[in-house]
Amino acid sequence: QAAVGHVPILLPASCSPTCWLKPLDWQGMSVQPSFGVPAAVLPSAAETIRAVLAHETTPQALVDQALARAEAASGLNALISLNTGASALAEQVSQRLAAGESLPLAGLPIVIKDNINFMGTTTTCGSRILGNYVSPYHATVSQRLVNAGAVVIAKANMDEFAMGSSTESSAY
């Protein structure tokens, strides 16, 4: 078991303390999506956080890079929307770090599924019916991610109302 802030995360018995920070494919092998960048160039989440804490990069630079990769990969239709407030969130994380606050996800750019509310962003659940719904509040998981210093950059595409497993029935 590991924890992000005060949120426990159950890990497989075979998982080392840092393996949960790396994306896994269905066979459990570590993979890195490239979107035009060689996989060896993309750092892991742990490396990214360490770089922010060591002042080798900034949350704003990470967000700019992540948004650029997201836009370059727009043809994949993996994201429903980009968070227009991501730069402001990155600035808030920088200010919190400068004030000495301990942030376990210090500036890490992340994408959340489009059925999770994130204040000020559209939450469509993959359906055109909710195309204009803007969340007035954070879901608990979103608030915990913000509290831990993560920066939500986008909402991931999904099957309409999460009724499927392949994203083939998304309205987007």
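Before reading on, note that the structure itself is shown above.
A.B. asks: With reference to specific residues and values, describe the overall build of the chain.
C.D. replies: Helix and strand counts for the chain come out as four helices and five strands. The order of α-helices and β-strands along the chain, N terminus first, is β-β-α-α-β-α-β-α-β. Here the chain holds 172 residues, and 35% of them are scored as buried. Element-wise, carbon and sulfur atoms account for 58% of the exposed surface of the chain, whose accessible area totals about 9,900 Å².

A.B. asks: Residue-level account of the nonpolar core, with values.
C.D. replies: If you look at the biggest cluster of nonpolar residues, it comprises 26 residues, and the most contacted ones within it are Val63, Leu105, Ile110, Val151 and Ile153. Of all the secondary structure elements, the ones that give two or more residues to this core are helix H1 (45-53), helix H2 (59-72), helix H3 (86-98), strand S4 (109-113), helix H4 (140-147) and strand S5 (151-156). Contact partners of valine 63, with chain neighbours within four places excluded, come to Ala86, Ser87, Ala90, Pro109, Val151 and Ile153.

A.B. asks: I'd love a proper account of unusual backbone geometry, names of residues and values included.
C.D. replies: In this structure, histidine 55 takes a positive phi of about 60° despite not being glycine. Relative to the helices and strands, histidine 55 is located in the loop between H1 and H2.

A.B. asks: Any details on the packing of H2 against H3? Residues and values, ideally.
C.D. replies: It is the contact of H2 with H3, at a shortest axis distance of 8 Å, that shows an interaxial angle of 155°. Here H2 lies roughly antiparallel to H3, going by the angle between them. Note on packing geometry: the crossing formed by H2 with H3 is right-handed. Only Ala86, Ser87, Ala90, Glu91, Val93, Ser94 and Leu97 of H3 make contact with H2, whose side of the interface consists of Pro59, Gln60, Val63, Asp64 and Leu67. Here the residues of the contact of H2 with H3 are counted per class, giving seven nonpolar, three polar and two charged.

Parameters and conventions
- What you see as residue numbers is a count from 1 along each chain, following the sequence as written.
- Totals for whole chains, interfaces and linings use all residues, but because this is a predicted model, local features are given only for residues with pLDDT of at least 70 and pairs of side-chain atoms are given and counted only at 80 or more.
- Each side-chain value is worked out from all heavy atoms of the structure, with water and hydrogens disregarded.
- In this description a helix means any DSSP run of H or I spanning at least four residues, a strand means any run of E spanning at least two, and both kinds are numbered starting from the N terminus.
- Exposure is judged per residue with a 1.4 Å probe applied to protein chains only, and the accessible area is read against the type maximum: over 50% gives exposed, under 20% gives buried, and values in between give partly exposed.
- Note on areas: Shrake-Rupley, 1.4 Å probe, and residue coverage restricted to the protein chains presented here.
- Residue types Ala, Val, Leu, Ile, Met, Phe, Trp, Tyr and Cys, when buried and joined through side-chain atoms within 4.5 Å, form a set referred to as a nonpolar core.
- It only takes one pair of heavy atoms within 4.5 Å for two residues to be counted as in contact.
- The convention used is that axes are lines fitted to C-alpha atoms, helices contributing only their stretch in contact, and that angles between N-to-C directions extend from 0 to 180 degrees.
- An angle counts as roughly parallel when it lies under 35 degrees, as roughly antiparallel when it exceeds 145, as roughly perpendicular when it falls between 65 and 115, and as oblique in every other case.
- Note on convention: the crossing is left-handed when the near helix lies turned anticlockwise from the far helix by less than a right angle, right-handed when the turn is clockwise.
- All amino acids are sorted into three groups, where Ala, Val, Leu, Ile, Met, Phe, Trp, Tyr, Cys and Pro are nonpolar, Asp, Glu, Lys and Arg are charged, and the leftover types, Gly among them, are polar.

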